[in-house]
Amino acid sequence: DTAVSQTPKYLVTQMGNDKSIKCEQNLGHDTMYWYKQDSKKFLKIMFSYNNKELIINETVPNRFSPKSPDKAHLNLHINSLELGDSAVYFCASSRSGGSDTQYFGPGTRLTVL
Amino acid sequence: AQTVTQSQPEMSVQEAETVTLSCTYDTSENNYYLFWYKQPPSRQMILVIRQEAYKQQNATENRFSVNFQKAAKSFSLKISDSQLGDTAMYFCAFMKRGAGNMLTFGGGTRLMVKP
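Keep in mind the model is a prediction, meaning the values are calculated, not measured.

**Points about the sheet that holds strand 7 (residues 64-67) of chain A**
Strands belonging to one sheet form pairs held by backbone hydrogen bonds; the direction of such a pair is parallel or antiparallel.
Residues and elements named next belong to chain A.
Line of reasoning, step 1. Strands sit in the order 1-3-8-7 across an open sheet of four strands; the sheet is antiparallel. In this open sheet, the two edge strands, each paired with only one partner strand, are strand 1 (4-7) and strand 7. Across this sheet, the average inter-strand angle for adjacent strands is 20°, counted without regard to direction.
Line of reasoning, step 2. The pairing of strand 7 with strand 8 (residues 75-78) spans four bridges and is classified as antiparallel. Note that in strand 8 the partner of Ser-65 across the bridge is His-77.

**Focus on the interface of chain A and chain B**
Line of reasoning, step 1. Taken residue by residue, the interface counts 26 residues in chain A and 22 residues in chain B.
Line of reasoning, step 2. Taken together, both faces of the contact between chain A and chain B bury some 2,000 Å²; the carbon and sulfur share is 54%.
Line of reasoning, step 3. On the surface where chain A and chain B come into contact, there are zero salt bridges.
Line of reasoning, step 4. At the surface where chain A touches chain B, the tally comes to nine residue pairs in polar contact (both at pLDDT 80 or more).
Line of reasoning, step 5. When residues of the side of chain A that touches chain B are traced back to their parent elements, those giving at least two are strand 4 (31-37), strand 5 (43-50), strand 9 (87-94) and strand 11 (108-112) of chain A.
Line of reasoning, step 6. In terms of residues, the side of chain A that touches chain B owes the most to one element, strand 5 of chain A, which gives four residues.
Line of reasoning, step 7. By residue class, the composition of the side of chain A that touches chain B is 12 nonpolar, 10 polar and four charged.

**Brief notes about the pattern of salt bridges**
Residues and elements named next belong to chain A.
Line of reasoning, step 1. Across all of its chains, the model carries seven salt bridges over all chains by this definition.
Line of reasoning, step 2. We note a salt bridge from Arg-63 to Glu-82, for which the minimum N-O separation is 3.5 Å. Linking Arg-63 in the loop between strand 6 (54-56) and strand 7 with Glu-82 in the loop between strand 8 and strand 9, this pair joins segments that are 19 residues apart in sequence.
Line of reasoning, step 3. Its relative accessible area of 14% is what places Arg-63 among the buried residues.
Line of reasoning, step 4. A relative accessible area of 42% places Glu-82 in the partly exposed class.

**Re the state of the cysteines**
Residues and elements named next belong to chain A.
Line of reasoning, step 1. Counting across every chain of the model gives two disulfides over all chains.
Line of reasoning, step 2. Note that Cys-23 is cross-linked by a disulfide to Cys-91, the S-S spacing being 1.8 Å. Between Cys-23 and Cys-91 the disulfide shows an S-S torsion of about -75°. By sign, it is left-handed. One end of the pair, Cys-23, is in strand 3 (residues 19-25); the other, Cys-91, is in strand 9, with 68 residues separating them in the sequence. Judged on exposure class, the residue Cys-23 and its partner Cys-91 are both buried.

**Describing the pairing of strand 12 (residues 109-114) of chain B**
All names here are of chain B.
Line of reasoning, step 1. Residue alternation in strand 12 divides its side chains into a buried set, Thr-109, Leu-111 and Val-113, and an unburied set, Arg-110, Met-112 and Lys-114.
Line of reasoning, step 2. Here strand 2 (residues 10-14) runs beside strand 12; their pairing, made up of five bridges, is parallel. Bridge pairing in strand 12 places Gln-14 opposite Lys-114.
Line of reasoning, step 3. Direction of pairing for strand 10 (residues 88-96) relative to strand 12: antiparallel, over a ladder of three bridges.

So, how was this worked out
Residues numbered from 1 in each chain as written. Chains lettered and ligands numbered in written order. Predicted model: local features only at pLDDT ≥ 70, side-chain atom pairs only at ≥ 80, totals over all residues. Heavy atoms only, no water. Pairing = 2+ DSSP bridges. Helix = DSSP H or I, 4+ residues; strand = E, 2+ residues; numbered from the N terminus. Axes fitted to C-alpha atoms, helices over the stretch in contact; angles between N-to-C directions. Contact = heavy atoms within 4.5 Å. Buried area = accessible area lost by both parts, 1.4 Å probe. Salt bridge = Lys/Arg side-chain N within 4 Å of Asp/Glu carboxyl O. Polar contact = N/O pair within 3.5 Å; in protein donor to acceptor, adjacent residues only side chain to side chain. Nonpolar A, V, L, I, M, F, W, Y, C, P; charged D, E, K, R; others polar. Buried < 20%, exposed > 50% of the residue type's maximum accessible area, 1.4 Å probe, protein only. Disulfide = S-S within 2.5 Å.

This is the structure:
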């Protein structure tokens, strides 16, 4: 059983398009995250979300928006894609409380042409 | 804001030998957590080990152990009896308690285990 899953694993699209990446966790966690890993392998937090609070890293453009239909899902919507959005995007989840380990999905490689 | 620095972009070690990966961090917080994650070529992020800052005892997980020096803000990872499967990128990460529990990562160290 996959704990944190993401779809699709690979996404190739044109500049200007709008796309979504889906994330689901079956761990019963109540906090989910999105991270971006750039071409130099640097990982940076984008969002932290539970059913009470969304925390956004201030460097994230407002073209990116997380949407959570329920506690087990946190999807990432990206509008007006740009070349610089090409990266690997990771979803993660954890229990709330501040001490719990985050478990990562397999990542989605987004390529913007 | 917190920063995490991994000063070794690449390292290599012979199979069965021991290697230590360095990590330093900068924070004014007193209550935080530190992690090492491994990213093999499959790109999956896998937790290797975690340390709570309030614990003086260094964490250990089988062949993996840390040397946590809180005053020096240092958190190195030691891998004993290195195996070919340890070949991966290793990321050190910091988490401040609260504020969304977001991880701040270092730039990573690429470790190659040679047969």
